[in-house]
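Notes for the structure review
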Amino acid sequence: MSVIRHDWTKEEILDIYNKPMMDLLYEAASIHREHHDPNTVQVSTLLSIKTGGCPEDCGYCPQAARYHTDIEGNDLMSVQQVKAQALRAKSSGSSRVCMGAAWRNVKDGPEFESVLEMVRTINKLDMEVCCTLGMITENQAQRLAEAGLYAYNHNLDTSEEYYKEVISTRGYEDRLKTIDNVRKTNVTVCSGGIIGMGENVEDRAGMLVALSKLSPQPESVPINALVAVEGTPMEDEKPVAIWDMIRMVATTRIVMPKTQVRLSAGRTEMSREGQAMCFFAGANSIFAGDKLLTTPNPDVNEDMEMFSLLGLIPQKPFVKKAQPETVESADSKFESMGEKPKWSRPDHTIERNESAKNNAKKAVADK
Ligand code: SF4
């Protein structure tokens, strides 16, 4: 039986990543079968509840206000809109709804109260609820837990070293701090990263070292392939080769045997054969729905066709952990504290982020 290790070294992980493909697949698939049903895949629906206008400068993200992309921004959706979308997701086979808001951090106030109500509403539909709202304080994490939140997503994105080449408006330790705040509650952690941002293989291994060190390891690890969006600093990055995706999924499975490994952004560029190899290598979760926040994703009917072809079954909700109870806002034992998460702001700039920002300013001026 494979053991859960928190002391992986980068060298050990690189040795796994670079194994001959057949050995890598065999080892990953064997570990996968020890801990999971290989024919069950969790289906989540990602809902952008507030789109665009984000003050951060993540080099991969079309929602950063400073870049010139053609996404349509939206204010926070209403609870009723979210409920309608969640019901639609449930009827098409999703067991989890993940709500994403393009915020740097959560601010206490009416918008956060609304998000708490969305969490209560979806939990009462007997679906797992996940949120990705940026940095949160311990008090905010407690309030989300009390509302019935099942998971909080906060990606490490890449290695600590390469993070400085991707985002200048916050540091790696800020990410770890929010994850730590979530860990003080009964909410599960979803944290992973993106490949294809110009990082090297050592950075991919470095990210897995950081994730596997977390104790407990994240219950869910999304592996994204960069979707290079025009106007962002990463618009010219080359598409990720399917073999890199398979290696990354397999290595994640070996390093974190119990984790749910989620095949996330970039699936529209992957063939069914490629996705099948990823499922064999240990991926056991996908995002459904034709959009992943702002980037394209396969149509849900196409996914269900693929499931039927491969004999895969969507995972029921609350299989891995019991459904949290929802506390109504009137009975809450937590008060809003109005705290702001403290973050470090490394005093550096990133050349390609600055140049994308300047191009965006020029495009607006030329209009
Ligand atoms: S990834 Fe999130 S934090 Fe970064 S710019 Fe996009 S919305 Fe903002």
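Taking an unreviewed UniProt entry as the reference, the chain is identified by name as Biotin synthase belonging to Aquimarina spongiae. What the UniProt record of the chain gives under Function (unreviewed entry) is the line "Catalyzes the conversion of dethiobiotin (DTB) to biotin by the insertion of a sulfur atom into dethiobiotin via a radical-based mechanism." As its UniProt record puts it under Sequence similarities (unreviewed entry), the chain is described as follows: "Belongs to the radical SAM superfamily. Biotin synthase family."

1. Considering the nonpolar core
Among the nonpolar cores identified, the biggest contains 96 residues, and Val119, Leu144, Leu149, Tyr152 and Val249 are the most heavily contacted of them. Of the residues forming this core, the biggest block, seven residues, is contributed by helix 9 (residues 242–255). Contacts of Val119, omitting those with residues within four sequence positions, involve Val129, Cys131, Leu144, Ala147, Gly148 and Leu149.

2. Things to note about the site of the ligand
Around the ligand sit Cys54, Glu56, Cys58, Cys61, Gln63, Ala64, Ala102 and Gly134, and that is every residue in its neighbourhood. Residue composition of the shell around the ligand, grouped by class: five nonpolar, two polar and one charged.

3. Some points on unusual backbone geometry
Cis geometry marks the peptide bond from Ser215 to Pro216, where omega comes out at -5°. Within the secondary structure, Pro216 is located in the loop between helix 8 (201–213) and strand 7 (220–225). The phi dihedral of Asp157 falls on the positive side, at around 70°, and the residue is not glycine. With respect to the helices and strands, Asp157 occurs in the loop between strand 4 (151–153) and helix 6 (160–163). We note that Phe318 has phi near 60°; this positive angle belongs to a residue other than glycine. The exposure class assigned to Phe318 is partly exposed, which follows from the 15 C-beta atoms found within 10 Å.

4. Let's talk about the pairing of strand 3 (residues 128–132)
In terms of burial, strand 3 is a largely internal element, five of the five residues being buried. Bridge analysis of strand 2 (residues 96–101) against strand 3 gives five bridges, and the strand direction is parallel. When the sheet's bridge partners are listed, Gly100 is paired in strand 3 with Thr132. Once you follow strand 2 into helix 4 (residues 110–124) and on to strand 3, the crossover reads as right-handed. Direction of pairing for strand 3 relative to strand 4: parallel, over a ladder of two bridges. Paired with Cys130 across the two strands is Ala151, which belongs to strand 4. In terms of handedness, the path from strand 3 via helix 5 (residues 138–147) over to strand 4 forms a crossover that is right-handed.

5. A few points about the environment of Thr137
Along the chain, the position of Thr137 falls in the loop between strand 3 and helix 5. The spatial distance from the C-alpha of Thr137 to the C-alpha of Cys278 is 35 Å, given a sequence separation of 141 residues. In contact with Thr137, other than residues within four places in its own chain, are Asn181, Glu339 and Pro341.

6. Section: the UniProt feature "binding site: [2Fe-2S] cluster" (unreviewed entry) in the chain
UniProt feature "binding site: [2Fe-2S] cluster" (unreviewed entry): in the numbering of this structure it lies at Cys98, Cys130, Cys190 and Arg262. Spanning 165 residues, the named residues nonetheless gather at one spot, since no C-alpha pair among them exceeds 13.7 Å. For Cys130, the position within the fold is in strand 3. Setting aside residues no more than four positions away along its own chain, Cys130 makes contact with Arg96, Cys98, Tyr150, Ala151, Tyr152, Asn153 and Cys190. With respect to the element layout, Arg262 can be found in strand 8 (residues 260–263). When the 24 C-beta atoms within 10 Å are taken as the criterion, Arg262 is described as buried. When neighbours within four sequence positions are excluded, Arg262 is seen to be in contact with Gly192, Ser220, Val221, Pro222, Ile223, Ser285 and Ile286.

7. Observations concerning helix 9
With 14 residues, helix 9 extends 20 Å from end C-alpha to end C-alpha; this agrees with the ideal 20 Å at 1.5 Å per step. Burial of helix 9 is extensive: eleven of the 14 residues sit out of reach of the surface. Considered for burial, the residues of helix 9 that qualify are Met245, Ile246, Arg247, Met248, Val249, Ala250, Thr251, Thr252, Arg253, Ile254 and Val255.

8. Digging into the UniProt feature "binding site: [4Fe-4S] cluster" (unreviewed entry) in the chain
Under the feature "binding site: [4Fe-4S] cluster" (unreviewed entry), the UniProt entry names Cys54, Cys58 and Cys61. Here Cys54 is to be found in the loop between strand 1 (40–50) and helix 3 (79–91). Judged by C-beta crowding, with 22 C-beta atoms within 10 Å, Cys54 ranks as buried. Those residues in contact with Cys54 that lie beyond four places of it in its chain are Gln63, Ala64, Ala65, Ala102, Trp103 and Arg104. For Cys58, the position within the fold is in the loop between strand 1 and helix 3. Setting aside chain neighbours within four positions, we find Cys58 in contact with Ala64, Val166 and Ile167.

9. Topic: the packing of helix 3 against helix 4
Their axes nearest at 9 Å, the elements helix 3 and helix 4 cross at an angle of 30°. When the axis of helix 3 is compared with that of helix 4, the two are roughly parallel. For the pair helix 3 and helix 4, the sense of crossing is right-handed. Facing Val79, Val82, Lys83 and Ala86 of helix 3, the residues of helix 4 in contact are Ser114, Glu117, Met118, Thr121 and Ile122. Within the contact of helix 3 with helix 4, the residues separate by chemical class into five nonpolar, two polar and two charged.

Rules and cut-offs
Residues numbered from 1 in each chain as written. Predicted model: local features only at pLDDT ≥ 70, side-chain atom pairs only at ≥ 80, totals over all residues. UniProt positions renumbered as here; feature names shortened; annotations may be inferred. Core = buried A, V, L, I, M, F, W, Y, C linked by C-beta atoms within 7 Å. Buried ≥ 20, exposed ≤ 12 C-beta atoms within 10 Å, placed from the backbone. Helix = DSSP H or I, 4+ residues; strand = E, 2+ residues; numbered from the N terminus. Contact = placed C-beta atoms within 7 Å. Near = placed C-beta within 6 Å. Nonpolar A, V, L, I, M, F, W, Y, C, P; charged D, E, K, R; others polar. Pairing = 2+ DSSP bridges. Right-handed = clockwise from strand over helix to strand, strands pointing away. Expected span 1.5 Å × (residues − 1). Axes fitted to C-alpha atoms, helices over the stretch in contact; angles between N-to-C directions. Parallel < 35°, antiparallel > 145°, perpendicular 65-115°, else oblique. Left-handed = near helix turned anticlockwise from the far one by under 90°.

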